Amino acid sequence: MLAAMLGATLLLGACGDNEKLGHATTYEKGKYQGKPDTRPFDNAPSAYSNGSAWDAGKKEGWELALKRRQQNQNEYNRAE
Amino acid sequence: MARMKFLCDAERCIECNGCVTACKQEHEVPWGVNRRRVVTINDGVPGEKSISVACMHCSDAPCMAVCPVDCFYKTDEGVVLHDKDLCIGCGYCFYACPFGAPQFPQAGAFGLRGKMDKCTFCNGGPEKDNSEAEWQKYGRNRLAEGKLPACAEMCSTKALLGGDGDVVADIYRNRVLKRGRGAEVWGWASAYGKPEGGAKAPPDAPKS
Amino acid sequence: MLLTRKSTGEGLTRARGMLSRSVGAALNTGMDRRSFLKRSGLGAGAGAFAAHLPFAMIGEAQAADEARGADKIEVKRTVCTHCSVGCAIDAVVKNGVWVRQEPVFDSPINLGAHCAKGAAIREHGITEHSHRLKYPMKLDTKSGKYQRISWDTALTEIADRLKTIKKESTADSVFVVGSSKHNNEQAYLLRKWVSLFGTNNCDHQARICHSTTVAGVANTWGYGAMTNSYNDMQNSKCMLYIGSNAAEAHPVSMLHSLHAKETGAKMIVVDPRFTRTAAKADEYVRIRSGTDIPFLFGILHQVFKNGWEDKKYLNDRVYGMDKVREEVMAKWTPDKVQEACGVAPEQLMKVAEMFAKNRPSTIVWCMGQTQHTIGNAIVRASCILQLALGNIGVSGGGANIFRGHDNVQGATDVGPNPDSLPGYYGLATGAWKHFARVWNVDYEWIKAQYAPGMMEKSGTTVSRWIDAVLEKDESMDQEKAVKAMIYWGHAPNSQTRGLKMKEAMDKLDMMVVIDPYPSATAAMIAMPGDKNAPARNPNQAVYLLPAATQLETSGSCTASNRSIQWREKVIDPLFESKNDHWIMYALAQKLGFADQLVGKANGKQNIAVINGEPVVEDILREINRSCWTIGYTGQSPERLKLHMKNMQTFDVKTLRAKGGPCDGDYFGLPWPCYGTPEMKHPGSPNLYDTSRHVMDGGGNFRANFGVEREGVSLLAEDGSASKGADIQTGYPELDHVLLKKLGWWDELTDTEKKEAEGKNWKTDLSGGQIRVFMKNHGCHPFGNAKARAVVWNFPDAIPQHREALYSTRPDMVAKYPTHDDVKSFWRLPTLYKTIQQKAIADKVHEKFPLVLTSGRLVEYEGGGEETRSNPWLAELQQENFIEINTRAANDRGIRNGDMVAVRTPTGAKIKVKAMVTERVDALTCFIPFHFSGWWQGKDLKDYYPEGTAPFVRGEAVNTATTYGYDRVTMMQETKTTVCQVEVWHDEATA
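All of the points below concern the structure found in this document. (Residues numbered from 1 in each chain as written. Chains lettered and ligands numbered in written order. Predicted model: local features only at pLDDT ≥ 70, side-chain atom pairs only at ≥ 80, totals over all residues. Heavy atoms only, no water.)

Some words on the overall build of chain C
- When helices and strands are counted, chain C shows 35 helices and 36 strands.
- With the C-alpha coordinates aligned to their principal axes, the bounding extent of chain C is approximately 85 × 75 × 70 Å.
- The buried share of chain C, reckoned over its 990 residues, is 68%.
- If you sum the accessible surface of chain C, you get close to 30,700 Å²; carbon and sulfur atoms cover 51% of it.
- When the 120 basic and 112 acidic side-chain charges of chain C are each reduced to a single mean position, those positions are 2 Å apart. (Helix = DSSP H or I, 4+ residues; strand = E, 2+ residues; numbered from the N terminus. Buried < 20%, exposed > 50% of the residue type's maximum accessible area, 1.4 Å probe, protein only. Areas by Shrake-Rupley, 256 points an atom, 1.4 Å probe, with all protein chains shown as cover. Lys, Arg positive; Asp, Glu negative; His and termini not counted. Charge placed at Lys NZ, Arg CZ, Asp CG, Glu CD.)

Quick look at the packing of helix α11 (residues 292–305) of chain C against helix α13 (residues 321–331) of chain C
Residues and elements named next belong to chain C.
- Closest axis-to-axis distance for the α11/α13 pair is 9 Å, and the angle between their directions is 105°. By the criterion of interaxial angle, the relationship of α11 to α13 is roughly perpendicular. Taking contact as the criterion, the partners of Phe297, Leu300, His301, Phe304 and Lys305 in α11 are, on α13, Met321, Val324, Arg325, Val328 and Met329.
- Class assignment for the residues of the contact of α11 with α13 results in seven nonpolar, one polar and two charged. (Axes fitted to C-alpha atoms, helices over the stretch in contact; angles between N-to-C directions. Parallel < 35°, antiparallel > 145°, perpendicular 65-115°, else oblique. Contact = heavy atoms within 4.5 Å. Nonpolar A, V, L, I, M, F, W, Y, C, P; charged D, E, K, R; others polar.)

Side note on the packing of helix α8 (residues 211–221) of chain C against helix α17 (residues 375–388) of chain C
All names here are of chain C.
- Relative orientation of the contacting elements α8 and α17 amounts to 40°, with a least axis distance of 8 Å. It follows that α8 is oblique to α17 by the angle criterion. Note that α8 runs across α17; the crossing there is right-handed. Where α8 approaches α17, its residues Thr212, Thr213, Gly216, Val217, Thr220 and Trp221 are matched on the opposing element by Gly375, Asn376, Val379, Arg380, Cys383 and Leu387.
- For the contact of α8 with α17, the per-class residue count stands at five nonpolar, six polar and one charged. (Left-handed = near helix turned anticlockwise from the far one by under 90°.)

Describing the sheet that holds strand β34 (residues 938–939) of chain C
Residue and element names in this part refer to chain C.
- On the basis of which strands lie adjacent, the open sheet formed by three strands has the order β34-β33-β35 and mixed pairing. Lying at the two open borders of the sheet, with one neighbouring strand each, are β34 and β35 (954–955).
- Where strand β33 (residues 933–935) and β34 come together, two bridges link them in antiparallel fashion. Of the residues in β34, the one forming a bridge with tryptophan 934 is aspartate 939. (Pairing = 2+ DSSP bridges.)

Side note on the sheet that holds strand β3 (residues 97–103) of chain C
All names here are of chain C.
- Pairing within the open sheet is antiparallel, and its three strands lie in the order β1-β2-β3. Looking at strand neighbours, the two that pair on one side only are β1 (73–79) and β3, the edges of this open sheet. Strand after strand, the sheet turns through a mean of 30° between neighbouring axes, direction not considered.

Some points on the pairing of strand β28 (residues 850–855) of chain C
All names here are of chain C.
- Among the six residues of β28, six are classified as buried, and the element is accordingly described as predominantly covered.
- Here β28 shows no split at all, with Leu850, Leu852 and Ser854 on one side and Val851, Thr853 and Gly855 on the other all buried.
- Two elements, β28 and strand β36 (residues 977–983), share three bridges in a ladder whose sense is antiparallel. Considered in β36, the bridge of leucine 850 is made with cysteine 979.
- Relative to strand β32 (residues 924–928), β28 is paired through five bridges, and the arrangement is parallel. The partner of glycine 855 across the bridge, within β32, is proline 928.

Structural notes on a nonpolar patch on the surface
- On the surface, Tyr92, Phe94 and Tyr95 of chain B cluster together into a nonpolar patch covering about 380 Å² of accessible area.
- Relative to the assigned elements, tyrosine 92 of chain B resides in helix α3 (residues 92–96). (Patch = residues over 30% accessible without salt bridge, like charges linked within 9 Å, V, L, I, M, F, W, Y side chains within 5 Å. Salt bridge = Lys/Arg side-chain N within 4 Å of Asp/Glu carboxyl O.)

Examining the nonpolar core
All names here are of chain C.
- One finds Trp193, Trp221, Tyr241, Phe295, Leu300 and Met321 to be the most contacted residues of the largest nonpolar core, which totals 217 residues.
- Of all the elements, α17 adds the most residues to this core, at nine residues.
- Excluding anything up to four places from it in sequence, phenylalanine 295 contacts Ile242, Val270, Val285, Ile287, Val337, Cys341, Val343, Leu348 and Val351.
- Formed by 37 residues, the second largest nonpolar core is a distinct cluster that contains Leu139, Val482, Val513 and Trp935. (Core = buried A, V, L, I, M, F, W, Y, C linked by side-chain atoms within 4.5 Å.)

Observations regarding the environment of serine 143 of chain C
- Looking at where serine 143 of chain C falls in the secondary structure, it is placed in the loop between β4 (137–139) and β5 (146–148).
- Between the alpha carbons of serine 143 of chain C and glutamate 503 of chain C there is a distance of 20 Å; along the sequence they are 360 residues apart.

Observations concerning the packing of aromatic side chains
Residues and elements named next belong to chain C.
- By the definition in use, this model includes 31 aromatic pairs over all chains.
- With centroids separated by 5.3 Å and ring planes inclined at 75°, the aromatic side chains of tryptophan 151 and tryptophan 582 adopt a geometry described as edge-to-face. Here tryptophan 582 lies in helix α24 (residues 580–591) and tryptophan 151 lies in helix α6 (residues 151–169), a separation of 431 residues in the sequence.
- Considering the side-chain rings of tyrosine 963 and tyrosine 965, the 4.9 Å spacing of their centres and the 85° angle between planes classify their relative orientation as edge-to-face. (Phe/Tyr/Trp six-rings, centres within 6.5 Å; stacked < 30°, edge-to-face > 60°.)

As structure tokens, this is what we get:
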């Protein structure tokens, strides 16, 4: 077992253990190497959401809220 | 959802810098870092036009392509963000970007480059949404709050549109129809090259 | 993916190359204002921030410290404090700290839009690195530095000085320069304060902004305010901007104008400069500075020649147009117009046709028309043109006067004017008695505060305060010269003749600055004077009192379109600052009239006081009870607050609420909103509109000038009246006699009758006369009369063109000379002819061959100390500059970016950066007026209190501007003076 683990570590050694990132990395040219990020709708609306409402994790509600809010950039909605 | 886009309607932009200070205010961007700025051509003569410029969140982002540490990523909505913890401040993205979007806080002699900073489409960065860390490094995350970029929401004449690309196109198309002209935005002719085979070139933008 | 592979399409590479080239080129041209000036702030601001983290943490950190348990997050709705458009802002406050600002899309006025200033307003809540005046200070004469003192010390010392001066020289030796940035309640209270102290020497920014407008326009048809609104311009077919750079001065108004343009309206801009507004125009006309009358009358000439005038309108509603026509046809032919203005006949005719044939058409004007010795006449020429075309009282038409500061309209309406009590009541005995009643103060007591014979005499003006200090006692129309100045929310660098101002400052016994920022006054008075000038008054005391901003109090403010908006208090006053009304009360306590200030007498108290601060709602209610003349009576605090909460129910083009809690009201109850709040008048969105019933916002021209003149009736013709009025002819203004004659007296209730007996509609505190006249019979309380094209009580009954006092055209001066000198005008001798003739004799036009004009930048507001202390704004405009034409620059060996010396006939020499541009023609130069903090090349940073000098400092153009004042209102002639420009050379001695 120990040998297997050692063997596994040796295999992985080629890829490198990145202490800063805290996880093993495989550097693939052109792929993002940074911290993971959440999607904007993953969290529920906050106290600053100004009326935009959606269910956490659900994309559709969030998209709809944004599109609705975006119509504020079109003054033709309130004056032809 | 279509990708997130900005469009600045040059017929309406009056160079008021509302977008510039809205961004400064929203993210408390320090002096010397210009995430957004207004560019004017033909200043002071008929034909003067202004356009607000920031990161264009390109589909095929040059910054992302050239970064030696690959600190850039693109969200599903098309927003180009980057990880400041990884950024080494080499400035290569600045070379690559046609719009000059990457900014480097200037301090000390020789213009020491710090971590690159740029417009985030008010979508923060790779930290927990609306956390202290995200605020410190990237500014506010309005998208995660269900809002749109501060610059577009506060534009004085609603020249700068920002949000879902389809909606931006709709709003702009409506204006162009009302005006009867204005579809010949900058770069129209050059973006699509010269017409061939006898087709007519689009008319010159009228001087006004 | 694409970029990592070699691109094969030539087009693609070329496209990218061209794009980057054009944008890169734009960034590198060095020709636009942005790239022209230093951008990275290695000089000005970097020092402040370079040492700090990329993101200077504020609100969150403080808020986190205070959070124990649940965070308290509130949204306070306020209004931007910069210009008169009145953009609403939702300020998000967390545990008392202002952390976010959100656009108010619901607002019918700005729909969420902001310019650079409004989008940056949250800076006012930031305490870290703040350049605010934080505590009371006194200038230490020995060290020349400001020292901190306590509030009590400051107030006591100031009050003692005031008392001494009042005793030795009468109260008229004190001049209180009030503020267009006070809210309505503070402005009103200040007028009361000054009256109770015993002088009419008070004024505010309107003097140097639109005083000529108010006088000229009011004397034409009744009220001197914007007749329509920014929103209403969406209904226009043609917009003529003459003397207005709305794109920089009122950016959000362009939302409405550009929308109008998009839907088919034409836009014409007339300006000596090709401004950013001109860049959006369909037709741009370059005009010689100060020649608006020839131009406007040139258009009018074309209108009459082609029969485009509205004959019925003129017959029914206008007096004297025939006389004007006679003069205009004879005098302002296209060749004469070209000679005066430099405008070619073809362009003149084109503009005339565009304007006349695309009605309703509107005229917009600002300082370009007002800031001249003939400002009062210029604005009237605009009015006359609009009357001829029948454009007044029509949606889409009107005289759209864009006011300046956020509450200059309100301050003009109810605030510290030298020639009137609140509400334009004037200073006659009747007016005083009316206000004494409302104020619950004994009339005789007030009278006793005044020096004998001074109570009913207009005070002097802020534009001439320096002469009021420097003049000999005998030359002044008051006991003694002014000895003490209170600069209460006003900048000094917006008044002309800076060199003389420094002399005046040095002569004062006392200067008190009450402002959120130390203001340029603090530095100007602390710096040493010119070595050739008289030495500083050794007995002088200078105080700085920190006032809170409008974000730190609640209260109402009046936008340019007369809509009144209520501001909620966002945060408590920062540092040791106090609200202006707290300061007024505190000083009143020391001076002995605190009770009178709040109307405490006979068991009653009009205005409650909480923690030393008069309650703003109570003050507004007092305004509601007193200002009947302009209909500031229906806008109760409750109605206004309801409007702010239901903004989305108001239509953007008509400003009217359809349904909802404010159903039928016009947004902000734009004055006049006649009668008591109970009468529920909806406000008047477009003045003088006869197509509407008076209870529907309609109106007609005012009967203020008499009933008849030279055999011609001044009242409206038969058939011309507001819709549904019971009287369909002209009629005089309402009083108890008229009401009885009409047989409507008995419609008053018994309570109303008791009060209304013997009164007119302006003094009837019950509001009953108005109620019966308007609600029951649809008639207008101020009568129904004709507008006057000929204003016989003005120096020039028909507007005459007269050259500026300092003109580069002696030939034109000979043809169109200025007025005669006046021995006593607003208490001071005032010169016209003497100055103009001397300038010709001295060959000023040869020594100073360039016309110097000044104006606004979008990033800054007014004197500029507040906005230049906001790093987000200051970064965008870091140096003062002069716009000079390529030819003029080359003739003087000046390159773009050179530091230059601008000299004027005053002897001043100011140092600014040259911006070589085609914006101005070869004979004109332009300098923005927002800068201060330099003095003829010297940086005054050290003279400010420690840590308060604004990030950006520069020369004040008004250090160098010249003498010249409007013949009716004493407005200063800032738009047309002269200068010479040369490369700056440092001198061996200062």
